[in-house]
Amino acid sequence: DAGITQSPRHKVTETGTPVTLRCHQTENHRYMYWYRQDPGHGLRLIHYSYGVKDTDKGEVSDGYSVSRSKTEDFLLTLESATSSQTSVYFCAISDRRDYEQYFGPGTRLTVT
Amino acid sequence: AQSVSQHNHHVILSEAASLELGCNYSYGGTVNLFWYVQYPGQHLQLLLKYFSGDPLVKGIKGFEAEFIKSKFSFNLRKPSVQWSDTAEYFCAVNPLNTGGFKTIFGAGTRLFVKA
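Model, not experiment: these values are computed from the prediction.

What counts, and at which threshold
Residues numbered from 1 in each chain as written. Chains lettered and ligands numbered in written order. Predicted model: local features only at pLDDT ≥ 70, side-chain atom pairs only at ≥ 80, totals over all residues. Heavy atoms only, no water. Phe/Tyr/Trp six-rings, centres within 6.5 Å; stacked < 30°, edge-to-face > 60°. Helix = DSSP H or I, 4+ residues; strand = E, 2+ residues; numbered from the N terminus. Buried < 20%, exposed > 50% of the residue type's maximum accessible area, 1.4 Å probe, protein only. Contact = heavy atoms within 4.5 Å. Buried area = accessible area lost by both parts, 1.4 Å probe. Salt bridge = Lys/Arg side-chain N within 4 Å of Asp/Glu carboxyl O. Polar contact = N/O pair within 3.5 Å; in protein donor to acceptor, adjacent residues only side chain to side chain.

Novice: Lay out the packing of aromatic side chains in plain terms, naming residues and giving numbers.
Specialist: Inspection of the entire model under this criterion finds 15 aromatic pairs over all chains. Seen from their ring centres, F103 of chain A and F105 of chain B are 6.1 Å apart, and the 80 degrees between their planes marks the pair as edge-to-face. Of this pair, F103 of chain A sits in strand β10 (residues 102-103) while F105 of chain B sits in strand β11 (residues 104-105), on two different chains. A single burial state applies to F103 of chain A and to F105 of chain B, both of which are buried. Where F34 of chain B meets Y36 of chain B, the ring centres are 6.0 Å apart and the plane angle is 35 degrees; that geometry is what we call tilted.

Below, the structure written as structure tokens:
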């Protein structure tokens, strides 16, 4: 398995609080992605990164921001969590942007 | 809207039955195609991929998929399923004319194999 870890693995938070999820890779892959997985929707891209400090929006980026200050770390921040952001969040990496992606174990986030 | 459609949301089969999961996409240009599998409680992992060449591709665990360009389809098949194939299966498409950054996933098909 690719060396990808996500932290925390589970989190319960209250509406309006900020939340940061971390993705850490040991593969030195250039591309990193954040997805959310919801029943009936599959995986939807939130943000992606194509290098240190280089990020862009995905399909469902509203309410989320990201940062990548090092190759190995990609942070996803919910500035003010809402109940609609209750989901499972997956980080993924790839060494070419159009190739297969390797996924982390996921973070289950519940916003009450 | 551009999309990836998986025809069946839930499939129930008995062991040794044959499997075919449908996937259609609506992108007109060149695409890279993938099937991923998510076993219960685990992360997604790649089953197989198609970039070019022979439209019949073989993946891990006896799975194969056929790319039919004229039908915009990439169906997943397995001749004889096992209980351990119980999982959720996702078709994914990377449209290269968007720069290749955005892989679009279907909604997934949950497969349950009865022992």
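Novice: Requested: an account of the interface of chain B and chain A, with residues and values cited.
Specialist: Taken together, the 21 residues of chain B in the interface contact 22 residues of chain A. Buried area between chain B and chain A, both sides added, is near 1,800 Å², and the carbon and sulfur share of it is 57%. When residues of chain B are sorted by the area they lose upon contact with chain A, H43, F101 and F105 of chain B head the list and together hold 35% of the total. Put simply, chain B and chain A have one salt bridge between them. The residue E100 of chain A makes a salt bridge to K49 of chain B at a minimum N-O spacing of 2.8 Å. Across the chain B-chain A interface, the total number found is six residue pairs in polar contact (both at pLDDT 80 or more). Those elements that place two or more of their residues in the side of chain B that touches chain A are β5 (31-38), β6 (45-50) and β10 (87-95) of chain B. Element by element, the count of residues in the side of chain B that touches chain A is highest for β5 of chain B, at four residues.

Novice: I'd love a proper account of the environment of K57 of chain A, names of residues and values included.
Specialist: Position of K57 of chain A among the secondary structure elements: in strand β6 (residues 54-57). Taking the C-alpha atoms as reference, K57 of chain A lies 6.4 Å from I46 of chain A; in sequence the two are eleven residues apart.

Geometry only, nothing functional implied.
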